[in-house]
Amino acid sequence: MTGETPASPPGPLLDIAELAKRFTVGSKQGLLARATSFRKPVAPLPQLHAVDEVSFTIGRGETVGLVGESGCGKSTLVRLINRLLDPTSGSIRLGGAELADFKARDFAANPHRARIQMVFQDAGDSLNPRYTAADAIADPVRRLKKMSGAQLKARIAELADMTGLPRELLQRFPHQLSGGQKARVGIARAIAVEPELLILDEPTAALDVSVQVVILQLLQQLKRELGMSYLFVSHDLNVVRLLCDRVLVMYLGKVVEQGPAAEVFADPKHPYTKALISAIPQAEPEQRVGRLRLGGEPRSPIDPDPTVCRFYGRCPKGTPRCAEEMPLLRPAGPARQVACHFA
Amino acid sequence: MSAVPALAVEDLSVEFRTRSGVVKVLEHVGFSVDKGETVALVGESGSGKSVTAFAVMGILDAAGKVTSGRAMFGGADLLALNEHDLAEQRGRELSMIFQNPRTALNPIRRVGRQIADVLVRHGGATRNDAPRAAIEMLKKVRIPDPERRAEAYPFELSGGMCQRIMIAIALACRPALLIADEPTTGLDVTTQAVIMDLIGELAGEAGMATIFITHDLALAAEYCDRIVVMHAGHIVEAAPARELFAHPRHPYSAKLLAATPGETVSLADMASIPGGLPDLRRTDLPACRYSGRCERRLDECTQPLPQRTMGERHVVACWNPL
């Protein structure tokens, strides 16, 4: 890994291939029983398939939206890519470098750490309450770029200007800042180390619409200026539509559809995507084409049957074939992929 | 043409006493909800939406004080009732769905019992038949396998299920007025749609009046008959939902609409609302609390606000409406 230069080799920036994360969940036997049952062969523990063989790419300068309901594995996927969690299998290549082999616990000291940064959901909760805005922004720069003194100070001021945070607010603590200002601090510290990939986890979910617009426009502008790629996680589909070039739709650990944002929104192919788009609140309901509501609850992600479509049971289409054969992600148009037998 | 409304709030003002001074949270708020009608209260955080609901329900924080106004409901003024009479009304005639179902439910009581509690306290059910009625309610809010789910604790259920339990509790005694305070915030869009359909259907069946508090204008427009826009403790505009979307008359409503992501807009076309809410502790608050942020401000704007009628049931509090 040391011989690699981050200076743009061809190909996508991020290449995720067959990435999987399974968590072992509790068994009926107690821990003590398991520890002492050295004679009997122990049945394998149930596995929760949080992310199941997911493959996709993110191009340089591209914004990819990741949508899906809570519990579908969005956050686990993000934590895997961000190297906060170790994958069970699969590869995470960032500009040619394989990141999946590094241990998450050591990754903070890894030279690749600065290349992927993250903006967390609630800036209020993710900032250290005892750090001023300047401390919060300085921390990653000091650690990863080894800057100090006047140079560090100048960098902080520059970042504040870039994110539209008035310099006089830099000495304030998070509780003295408004929601929009805290969001700016969260963005400033993430871009401080000049990442190539910025992961945004619902960056505007805690903000009022009037502030949300400014933050989204700021993100758009920063992307243009700094040439970063974005992975934008959100369940506000209207925001995804505004910001993203391409969308990935996840359902129970699987990517069920992906394609250019405009195409997916105009003509969703997977029944789950259809339901998702049909659920976007609309000021003029009569313009909506077809109304689709999902009944039931999602299937269990624990030891899912590998031959049954994950959406089976909630899907309005559901045929016997869906219970016998798991649909694979296959091309459906020049840049689109869908995992459904009937799309 | 309309009969007596289910709820008529008139001239409601609320103050909060805090260490740093008196905050005038609501000022001269007035609106009404008819039987079977759904009215949305929308606005940014801090605009006074929830305080309005809390004042009507009589569950204001101890620091809050109603300084003027009436809330006429079924011939009585809710704001003048004593705690005992109000407790009789709550649960039976008026009920509320809170924002976060997980924190609003009792974490150490089975959900079926929580529904039964309301039925026993307000619905005249006995302890013996209440569990069966509770299961009926679970069926009504379309919880699969209601017999088993009645035995579950809130932590065993998903967010959408917990919200359905809240709805079941709120609607168990067929109230005449339901206040839903951001009932779908934090839920997935697909779940949100199902929950909103459910509230709408059950409200329609029972001819219930509903106040729906939200910051999502598109959601309000889809599910509500009328929209009341609040800003810094004032009602700035009230109009039928469609009309508000097509022709907002108050500059704030127009800005709010322009900031709402929708289908046809692009990010470059969207505009934020400059400035923030005024400090409500000030003693010299301007008559129009939006005037500090407003681009259409005139000299008249320092005068007490007019209530201008712009069409049928369309009122705007502005000297220079669009």
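Note that this is a predicted model, so its numbers are computed, not measured.

Cut-offs used in this document
- Residues numbered from 1 in each chain as written.
- Chains lettered and ligands numbered in written order.
- Predicted model: local features only at pLDDT ≥ 70, side-chain atom pairs only at ≥ 80, totals over all residues.
- Heavy atoms only, no water.
- Helix = DSSP H or I, 4+ residues; strand = E, 2+ residues; numbered from the N terminus.
- Rg over C-alpha atoms; globule rule 2.2 N^0.38 Å.
- Buried < 20%, exposed > 50% of the residue type's maximum accessible area, 1.4 Å probe, protein only.
- Expected span 1.5 Å × (residues − 1).
- Contact = heavy atoms within 4.5 Å.
- Core = buried A, V, L, I, M, F, W, Y, C linked by side-chain atoms within 4.5 Å.
- Axes fitted to C-alpha atoms, helices over the stretch in contact; angles between N-to-C directions.
- Parallel < 35°, antiparallel > 145°, perpendicular 65-115°, else oblique.
- Left-handed = near helix turned anticlockwise from the far one by under 90°.
- Pairing = 2+ DSSP bridges.
- Salt bridge = Lys/Arg side-chain N within 4 Å of Asp/Glu carboxyl O.
- pLDDT = per-residue confidence, 0-100.
- Phe/Tyr/Trp six-rings, centres within 6.5 Å; stacked < 30°, edge-to-face > 60°.
- Lys NZ or Arg CZ within 6 Å of the ring centre and 35° of its normal.

Novice: How do you make sense of the overall build of chain B when you look at a structure like this?
Specialist: From N to C terminus, chain B includes 11 helices and 12 strands. On C-alpha atoms alone, chain B measures out to a radius of gyration of 20 Å, which is about the 20 Å that the 2.2 N^0.38 rule sets for 322 residues. Along the first, second and third principal axes, the C-alpha set of chain B runs to 65 × 45 × 45 Å. The proportion of buried residues among the 322 residues of chain B is 52%.

Novice: Is there a simple way to think about helix α6 (residues 179–191) of chain A in this case?
Specialist: Within an α-helix, residues lying three or four positions from one another point in the same direction, as the helix has 3.6 residues per turn. Residue and element names in this part refer to chain A. Under the 1.5 Å per step criterion, the end-to-end length of α6 is 19 Å for 13 residues, consistent within 8% with the ideal 18 Å. Across the 13 residues that make up α6, a large majority, 10, are buried. Restricting attention to buried positions, one finds in α6 the residues Gly180, Lys182, Ala183, Arg184, Val185, Gly186, Ile187, Ala188, Ala190 and Ile191. Turning to α6, the residues buried within the fold contact β6 (116–119), α3 (123–126), α4 (133–144), α5 (149–162), β7 (197–201) and α7 (209–226).

Novice: Would you explain the nonpolar core in this entry?
Specialist: Membership of the largest hydrophobic core comes to 130 residues, with the highest contact counts inside it found for Ile115(B), Ile165(B), Ile167(B) and Ile227(B). Core analysis: the second largest hydrophobic core is formed by 37 residues, Val29(B), Leu78(B), Leu86(B) and Ala232(B) among them.

Novice: Even after reading the chapter, I still don't get unusual backbone geometry, so can you show me in this structure?
Specialist: The phi torsion of most residues other than glycine is negative, and most of the peptide bonds are trans. Positive phi outside glycine occurs at Arg83(A), with the angle close to 60 degrees. Tracing the backbone shows Arg83(A) in the loop between α2 (74–81) and β4 (89–94). Positive phi, close to 55 degrees, is recorded for Asp145(B), a residue that is not glycine. As for its position among the elements, Asp145(B) is in the loop between α5 (130–140) and α6 (146–149). For Asp145(B), a relative accessible area of 38% corresponds to the partly exposed category.

Novice: Got a minute to help me understand the packing of helix α4 (residues 111–122) of chain B against helix α7 (residues 159–171) of chain B in this structure?
Specialist: Packed helix pairs are specified by the crossing angle of their axes together with the interaxial distance, meaning the distance between the axes. All names here are of chain B. Contact geometry of α4 with α7 gives a least axis separation of 8 Å together with a crossing angle of 20 degrees. One finds that α4 runs roughly parallel with respect to α7. Of the two possible hands of crossing, α4 and α7 adopt the one that is right-handed. Between α4 and α7, the contacting residues are Val111, Gln114, Ile115 and Val118 on the first element and Ile165, Ala168 and Ile169 on the second.

Novice: Hey, could you run me through the pairing of strand β1 (residues 7–18) of chain B in this one?
Specialist: Residues and elements named next belong to chain B. Bridge count for β1 against strand β4 (residues 64–73) is 8 bridges, and the pairing is antiparallel. Across the sheet, the residue bridging to Leu7 is Phe73, located in β4. Where β1 lies against strand β2 (residues 21–33), 9 bridges are found, and the strand directions are antiparallel. Bridging from a neighbouring strand, Ala8 pairs with Ser32 of β2. With antiparallel pairing between neighbouring strands as the criterion, β1 and β2 make up a hairpin whose turn holds 2 residues.

Novice: What is the right way to read the pattern of salt bridges from this model?
Specialist: When charged atoms on two side chains of opposite charge get close, those side chains can pair. All names here are of chain B. Per the stated rule, a full pass over the model turns up 35 salt bridges over all chains. Ionic pairing is found between Glu88 and Arg121, a salt bridge with its closest N-O pair at 3.3 Å. Taken together, the residues Glu88 in helix α2 (residues 83–89) and Arg121 in helix α4 connect sequence positions 33 residues apart. Overall, Glu88 belongs to the partly exposed group, its relative accessible area being 28%. Here Arg121 falls in the partly exposed class, since its relative accessible area comes to 44%. In this structure, Lys255 engages Glu295 in a salt bridge whose closest nitrogen and oxygen atoms are separated by 3.1 Å.

Novice: Mind showing me how you'd approach the sheet that holds strand β5 (residues 97–98) of chain A here?
Specialist: The strand order β2-β1-β4-β5 (chain A) describes an open sheet built from 4 strands, whose pairing is antiparallel. In the strand order of this sheet, the two ends are held by β2 (47–58) and β5 of chain A, each with one partner.

Novice: Would you mind going over the confidence of the model for chain A with me for this structure?
Specialist: A low pLDDT score tells you not to read the predicted coordinates there in detail. Of the residues in chain A, 90% have a pLDDT of 70 or more, and the chain-wide mean is 87. Contacts from residues 1–6 of chain A, a stretch scored under 50 in pLDDT, to residues over four places away or in other chains number 7 contacts.

Novice: Help me out: how do you make sense of the packing of aromatic side chains in this one?
Specialist: Two numbers describe a pair of aromatic rings. These are the distance of the centres and the angle of the planes. All names here are of chain A. Summed over the entire model, instances satisfying the criterion amount to 6 aromatic pairs over all chains. With 4.7 Å between their ring centres and 55 degrees between their planes, Tyr251 and Tyr272 make a pair best called tilted. With Tyr251 in strand β9 (residues 246–251) and Tyr272 in helix α10 (residues 271–278), the pair connects residues that are 21 residues apart, well separated along the chain. Each member of the pair, Tyr251 as well as Tyr272, is classed as buried. Members of the aromatic cluster, joined through ring pairs, are Tyr251, Tyr272 and Phe311. If you follow Arg83 out to its NZ or CZ, it ends over the ring of Phe107, 5.9 Å from the centre.

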